[in-house]
Amino acid sequence: MAANPTILILNGPNLNLLGLREPEIYGSETLSEIEDSCLDCAARLDLSIDFRQSNHEGQLVDWIQEARQSADGIILNAGAYTHTSVAILDALNAAAVPAIEVHLSNIFRREEFRHNSFVSRAARGVICGFGGHGYELALTAMARLLRGGN
Ligand code: DQA
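Let me begin by describing the structure that accompanies this report.

The rules we used
Residues numbered from 1 in each chain as written. Predicted model: local features only at pLDDT ≥ 70, side-chain atom pairs only at ≥ 80, totals over all residues. Heavy atoms only, no water. Near = heavy atom within 4 Å. Polar contact = N/O pair within 3.5 Å; in protein donor to acceptor, adjacent residues only side chain to side chain. Areas by Shrake-Rupley, 256 points an atom, 1.4 Å probe, with all protein chains shown as cover. 1 Å grid on protein atoms, 1.4 Å probe; cavity = no way out; pocket = protein on both sides within 12 Å on 5 of 7 lines; lining within 4 Å. Sits in = over half its atoms within 2 Å of the grid points. Disulfide = S-S within 2.5 Å. Helix = DSSP H or I, 4+ residues; strand = E, 2+ residues; numbered from the N terminus. Buried < 20%, exposed > 50% of the residue type's maximum accessible area, 1.4 Å probe, protein only. Lys, Arg positive; Asp, Glu negative; His and termini not counted. Salt bridge = Lys/Arg side-chain N within 4 Å of Asp/Glu carboxyl O. Contact = heavy atoms within 4.5 Å. Points joined across faces, edges and corners; volume = space filled by probe spheres on them. Pairing = 2+ DSSP bridges.

**Concerning the site of the ligand**
- Taken together, Arg21, Tyr26, Asn77, Gly79, Ala80, His83, His103, Leu104, Ser105, Ile107, Arg110 and Arg114 make up the full set of residues adjacent to the ligand.
- Serine 105 places a side-chain nitrogen or oxygen 2.6 Å from an oxygen atom of the ligand.
- Protein contact buries 99% of the 320 Å² of open area that the ligand shows by itself.
- Most atoms of the ligand, that is more than half of them, are within 2 Å of grid points of the largest pocket.

Rendered as structure tokens:
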């Protein structure tokens, strides 16, 4: 494990619209503001981050596959693919690095179809309902996980 582990932070479909999209559910913070908070948080934790967003399932699968070589852990908000994508689940199971699932909203307070997560089956843990702050909570958990805590 590198002294300064790299965490791949992946964001799925429609998360590029944060700030504009249903602010009553997702808040007013933009994805780029969340990235900035993650950069500050990662610096405090001696982590490096690689923060990305795609609207395309196959692109997310490609990035998860690459994590084998290029990252020590994955933090993933797969957006709606959370609830539909066996391909993302398979990629996470093959990735051989720990994954933490994040959602801005509390998916369990919302529609029934959001209660199932394929991602959860491969995740070490799930953080949802704390808006953008959830990404910082996930980084803190990941730092501890990688350094031998739980
Ligand atoms: C989300 C929750 C998903 O159900 C939804 O499809 C999203 C965002 C969240 O961060 O709360 O796109 O992942």
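**Describing the state of the cysteines**
- Applying the stated criterion across every chain, the model contains 0 disulfides.
- Not engaged in a disulfide, the cysteine cysteine 38 finds its nearest cysteine sulfur in cysteine 41; these two sulfurs lie 6.8 Å apart.

**Brief notes about the side chain of glutamate 101**
- If you trace the backbone, glutamate 101 turns up in strand E4 (residues 99-103).
- Although glutamate 101 is buried, it makes no salt bridge; arginine 121 carries the closest opposite charge, 10.0 Å away.
- A distance of 2.7 Å separates the side chain of glutamate 101 from the side chain of histidine 103, its partner in a polar contact.
- Beyond its immediate sequence surroundings of up to four residues, glutamate 101 is in contact with Leu76, Thr82, Ser117, Val119, Ser120, Ala123, Gly125, Val126 and Ile127.

**Overview of the layout of surface pockets**
- The calculated volume of the largest pocket comes to roughly 160 Å³.
- Looking at the largest pocket, it is lined by 15 residues, and the ones nearest its centre are Arg21, Tyr26, Gly79, Ala80 and Arg114.

**Describing the pairing of strand E1 (residues 6-11)**
- Most of E1 is tucked away: 5 of the 6 residues are buried.
- By the bridge criterion, 6 bridges tie E1 to strand E2 (residues 48-53) in an arrangement that is parallel. Along E2, the bridge assignment pairs leucine 8 with aspartate 50.
- Two strands pair when backbone bridges link them, and E1 and strand E3 (residues 73-77) are joined in this way by 5 bridges, in the parallel orientation. In the sheet register, leucine 10 faces E3, and the bridge partner there is leucine 76.

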